[in-house]
Amino acid sequence: MKTLIVYFSAESGTTARVAKDAAAALGADLYEITPEKPYTAADLRYTNPLARCNREFFAKKDVPVVGRIDNFADYDTVLIGFPIWYGCAPLVVSSFCKGCDWSGKKVAAFATSGGSGIGKTAEKLRPFISGGSLIDAKLVHSGAEVSDWAKGL
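Conventions used here
Residues numbered from 1 in each chain as written. Predicted model: local features only at pLDDT ≥ 70, side-chain atom pairs only at ≥ 80, totals over all residues. Heavy atoms only, no water. Helix = DSSP H or I, 4+ residues; strand = E, 2+ residues; numbered from the N terminus. Rg over C-alpha atoms; globule rule 2.2 N^0.38 Å. Buried < 20%, exposed > 50% of the residue type's maximum accessible area, 1.4 Å probe, protein only. Areas by Shrake-Rupley, 256 points an atom, 1.4 Å probe, with all protein chains shown as cover. Lys, Arg positive; Asp, Glu negative; His and termini not counted. Charge placed at Lys NZ, Arg CZ, Asp CG, Glu CD. Salt bridge = Lys/Arg side-chain N within 4 Å of Asp/Glu carboxyl O. Axes fitted to C-alpha atoms, helices over the stretch in contact; angles between N-to-C directions. Parallel < 35°, antiparallel > 145°, perpendicular 65-115°, else oblique. Left-handed = near helix turned anticlockwise from the far one by under 90°. Contact = heavy atoms within 4.5 Å. Core = buried A, V, L, I, M, F, W, Y, C linked by side-chain atoms within 4.5 Å.

**Q** Just checking my understanding: could you explain the overall build of the protein for this structure?
**A** Secondary structure summary: the protein contains five helices and seven strands in total. Relative to a compact globule of 153 residues, whose C-alpha radius of gyration would be 15 Å, the protein shows 14 Å and is just as compact. Its C-alpha atoms put the protein at 45 × 30 × 25 Å along the principal axes. When burial is assessed residue by residue, the protein has 46% of its 153 residues classed as buried. Only carbon and sulfur atoms are counted for the fraction: they give 52% of the accessible area of the protein, which is about 7700 Å². If you average the places of the 18 positive and of the 16 negative side-chain charges in the protein, the two averages end up 6 Å apart.

Here is the structure:
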């Protein structure tokens, strides 16, 4: 079984640290989801109604991403990591997911958060994992927590 961890991390880098630690512990490959236009601190200031994160969320439009995973078909299991935004994955994550062939893959999502719960994250992400089996979603705080959880999937 070959495992890939894909992740999107915002300004604080929390999700990146968790994803990298989990990949090292699991012996998994790692791929960062990168928006074409990187987010700035002002873009992420959700208390400003005109901030980019708010405009994207309410417009429900795809957020273009840079790059693709050439050997995506080689992976059996994919873990997707991201910070919780508005009770779900950021739109850049769903945009990335739309560009992948999830056929036959076992998929699990992990999220980091400064205060929100996992909510209905799996339910909201499921339509973008067409052909794959989204088996679980978990709020995590460390790479060790992700690797322990992933070993039981």
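**Q** Explanation requested: the pattern of salt bridges in the structure shown.
**A** Counted under the stated rule, the structure contains three salt bridges. For R52, the salt bridge identified is with D43, shortest N-O distance 3.5 Å. Comparing R52 with D43, the two get one shared label, buried. Between E56 and R52 there is a salt bridge, and its shortest N-O distance comes to 2.7 Å.

**Q** How should the packing of helix α1 (residues 14–26) against helix α5 (residues 143–151) be read in this particular structure?
**A** Angle between the axes and distance between the axes: these two values describe a pair of packed helices. One can describe the packing of α1 onto α5 by two numbers: an axis separation of 7 Å at closest approach and a directional angle of 50°. One finds that α1 runs oblique with respect to α5. α5 is crossed by α1, and the crossing has right-handed handedness. Two secondary-structure elements touch here, α1 through V18, D21, A22, A25 and L26 and α5 through G143, V146, S147, A150 and K151.

**Q** Teacher, can you tell me more about the nonpolar core here?
**A** Counting residues in hydrophobic clusters, the biggest one holds 33 residues, and the most contacted among them are V6, I80, F82, V93, F96, W102 and L125. Counting only elements with at least two residues in this core, the list comes to β1 (3–7), β5 (77–83), α3 (91–98), β6 (106–112), α4 (121–125) and β7 (133–139). Among the elements that make up this core, the one with the highest residue count is α3 (four residues). Leave out the neighbours within four places in its chain, and L125 touches I80, F82, A89, V93, C97, A109 and L134. Grouped together as the second largest cluster of nonpolar side chains are 15 residues, A16, A22, A28 and W149 included.

Just geometry here; none of it tells us what the structure is for.
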